[in-house]
There are 2 protein chains.
Amino acid sequence: MSNLSARSEDYLKAIFKLQEEKKVVRVKDLAQCLDVRSPTVVGVISGLKESGLVDQEHYGYISLTSEGDALARSLVQNEDILRSFFEEVFSLDSEEAGLNACNIEHYITPTCRERLVSFIKFLEICGRGSPKWLGHFRHFVLTGEPPPCDRCSEILPVDEKACEKD
Amino acid sequence: MSNLSARSEDYLKAIFKLQEEKKVVRVKDLAQCLDVRSPTVVGVISGLKESGLVDQEHYGYISLTSEGDALARSLVQNEDILRSFFEEVFSLDSEEAGLNACNIEHYITPTCRERLVSFIKFLEICGRGSPKWLGHFRHFVLTGEPPPCDRCSEILPVDEKACEKD
DNA sequence: TAACAAAAATAGGCGAGGCTAACAATGTCC
DNA sequence: GGACATTGTTAGCCTCGCCTATTTTTGTTA
């Protein structure tokens, strides 16, 4: 995808996010954010500098090159798509959705990503973000009770209508 | 999850799968399957032996201990769940679904896995594997045309019924 | 401005998971 | 049973991403 290791992508994403919220990014911030020690950051950053994705002057702040920014932005975007999916469809809480999204983001193929986007868009179109069947699924997850559409598709048109109201 | 690196999990899964189809597993088979050289396999396997997950006598065949077998089975099962999801819900072709599943399997949290299982079960219950909305989604993915349920939920009960027939 | 605190960089080490080249064991076939 | 091909192992090296200990630079403050 990006020719970078998963870990380097993590560093790039972290820089991007920190830049948004803090304006300047220091080695120390990154270390804290990624839960590693400063020398580790220095090492990885030096690789990203060589790849032309990151700028930093000696003992100075860290920033993304335009190339690095574009890449980081797309990675973060992928992560956001995944998080939305996990939150909205799978009803994971924000933290767990984020964890899954962050870890998985490196590995999904472009088509898979595209399908995720489509799926979320589909939800929007077909039920303003939450079509009926999704409510049924959430109910199923929480209670284990089979969804009402079960009955619908087995019995009468009358009941189908009832289900739709559900 | 398993306290093992993602890569070690790959080796374990590969042994499990090869064992199913070939009965005996050799270093060479694993090397081919994982696209690495024999010495690499020997190195990783030696770690798995120390962890008590794999058995092998000197210059002999490789097999899973009962512990290794149990672990590998659960990993492969997770992978299968993901593949089903990608194939059935996202309409990815078999190969791409497998690729995503294999790469992602290491990273999903237990709750996320559970939701995947629930989701697939939900599809089974609510439409014998393929409820109407899923057909609509597939159509949406292929053509970009908005799903009919869009119209349904905006207009009249009569049309709702029409949608259900769709 | 000199001293000290904070942050970044360097030096050097470690384990995982790759590799090649060389060597050892095993199996097969005349 | 000896020769040779196949396969597994060992040795030794590399990169990545992590670490601790130490040094260098920068910033602050008396």
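Up top is the structure.
To start, this report covers the structure provided alongside it.

Procedures and definitions
- Counting starts from 1 at the beginning of each chain's written sequence and moves along it residue by residue.
- Written order determines the labels here, with chains lettered from A and ligands numbered from 1.
- Where local features are concerned, this predicted model is filtered to residues with pLDDT of at least 70; where side-chain atom pairs are given and counted, the filter is 80 or more; whole-chain, interface and lining totals use all residues.
- The basis for every side-chain value is the complete set of heavy atoms in the structure, and neither hydrogens nor water enter the calculation.
- Residue contacts are counted whenever heavy atoms from the two residues lie within 4.5 Å of one another.
- A 1.4 Å probe defines the accessible area here, and the buried area is the portion of it lost by two parts on being joined, summed over both.
- By definition, a salt bridge exists where a carboxyl oxygen of Asp or Glu is found within 4 Å of a side-chain nitrogen of Lys or Arg.
- As used in this structure description, the phrase polar contact means that two N or O atoms lie within 3.5 Å; if the pair is within protein, one of them must be able to donate a hydrogen and the other to accept it, and residues adjacent in sequence are counted only when both atoms belong to side chains.
- Numbered from the N terminus, helices here are DSSP runs of H or I no shorter than four residues, and strands are runs of E no shorter than two.
- Lining residues are defined by having an atom within 4 Å of a point belonging to a cavity or pocket. Those points lie on a 1 Å grid over the protein atoms alone, cavities being sets where a 1.4 Å probe fits but cannot get out and pockets being open sets with protein on both sides within 12 Å along at least five of seven lines.
- Grid points are joined across faces, edges and corners, and a volume is the space filled by probe spheres set on the points.
- Residue type decides the class: Asp, Glu, Lys and Arg count as charged, Ala, Val, Leu, Ile, Met, Phe, Trp, Tyr, Cys and Pro as nonpolar, and the leftover types, Gly among them, as polar.
- The atoms used to superpose the copies are C-alpha atoms, taken from residues with pLDDT of at least 70 in both, and the fit is least squares.
- Neighbouring residues are identified by heavy atoms, a residue being near a molecule or strand if any of them is within 4 Å of it.
- Between rings of Phe, Tyr and Trp, where Trp is taken as its six-membered ring, a pair exists when centres lie within 6.5 Å; planes separated by under 30 degrees are stacked, by over 60 edge-to-face, and by other angles tilted.

Below, the discussion takes up the interface of chain B and chain A. Accessible area lost when the parts come together is the quantity often used to give the size of an interface. Contact with chain B, which involves 39 residues of that partner, is made by 40 residues of chain A. With both sides pooled, the region where chain B packs onto chain A buries about 3800 Å², and carbon together with sulfur makes up 72% of that total. Taken together, the links from chain B to chain A amount to zero salt bridges. There are eleven residue pairs in polar contact (both at pLDDT 80 or more) connecting chain B and chain A. Those elements that provide at least two residues to the side of chain B that touches chain A are α4 (66-89), α5 (94-104), α6 (110-125), α7 (132-143), α8 (148-154) and α9 (157-165) of chain B. The element contributing the most residues to the side of chain B that touches chain A is α6 of chain B, with nine residues.

Looking now at the environment of Pro131 of chain B. Turning to its location among the elements, Pro131 of chain B is positioned in the loop between α6 and α7. Beyond its immediate sequence surroundings of up to four residues, Pro131 of chain B is in contact with Leu123 and Cys126 of chain B.

The next subject is the layout of surface pockets. Residues and elements named next belong to chain A. Of the volumes computed, that of the second largest pocket is approximately 190 Å³. Along the walls of the second largest pocket sit Arg26, Val27, Val42, Ile45, Ser46, Lys49, Gln56, Glu57, His58, Tyr59 and Gly60, which together make up its complete lining. The element best represented in the lining of the second largest pocket is helix α3 (residues 38-50), accounting for four residues.

Considering all chains together, one arrives at two cavities of 30 Å³ or more under this definition. The volume enclosed by the largest cavity comes to roughly 110 Å³. Around the largest cavity sit 16 residues that line it, and Leu82 and Phe86 of chain A together with Leu82, Phe85 and Phe86 of chain B are the ones nearest its centre. Of the residues belonging to the lining of the largest cavity, the class tally is 16 nonpolar, no polar and no charged.

Once chain B is rotated about the relating axis by 179 degrees and shifted along it by 0.0 Å, it coincides with chain A to within an RMSD of 0.1 Å. The superposition operator between the copies reduces to a two-fold rotation axis. The residues that chain B uses at the interface reappear at the interface of chain A in 100% of cases, marking a shared surface.

All names here are of chain A. Scanning the model with the defined rule gives 22 salt bridges over all chains in all. Residue Lys17 is joined to Glu79 by a salt bridge in which the shortest nitrogen-to-oxygen separation is 3.0 Å. Of this pair, Lys17 sits in helix α1 (residues 6-22) while Glu79 sits in helix α4 (residues 66-89), and the two are 62 residues apart along the sequence.

The full set close to DNA strand C counts 17 residues, and Ser5, Arg7, Tyr11, Arg37 and Thr40 of chain B are the nearest of them. Sugar plus phosphate, as a fraction of atoms of DNA strand C within 4 Å of the protein: 82%. In this structure, a phosphate oxygen belonging to DNA strand C sits 3.3 Å away from a side-chain N or O atom of Gln56 of chain A. Tyr11 of chain B has a polar side-chain atom sitting 2.8 Å from a phosphate oxygen of DNA strand C. For the surface near DNA strand C, the secondary-structure elements that each account for two or more residues are α2 (27-34) and α3 of chain A together with α1 (6-22) and α3 (38-50) of chain B. It is α1 of chain B that provides the largest number of residues to the surface near DNA strand C, a total of three residues. For the surface near DNA strand C, the residue count by class is eight nonpolar, five polar and four charged.

Evaluated as defined, the whole model comprises 16 aromatic pairs over all chains. Between Phe85 of chain A and Phe86 of chain A, the aromatic rings sit 6.0 Å apart at their centres with planes inclined by 75 degrees, giving edge-to-face as the arrangement. Here Phe119 of chain A and Phe90 of chain B contribute two aromatic rings whose centre-to-centre distance is 5.8 Å and whose plane-to-plane angle is 50 degrees, an arrangement assigned as tilted. One end of the pair, Phe119 of chain A, is in helix α6 (residues 110-125); the other, Phe90 of chain B, is in the loop between α4 and α5, on a second chain. Joined through ring pairs, the aromatic side chains of Phe85, Phe86, Phe90 and Phe119 of chain A together with Phe85, Phe86, Phe90 and Phe119 of chain B make up one cluster.

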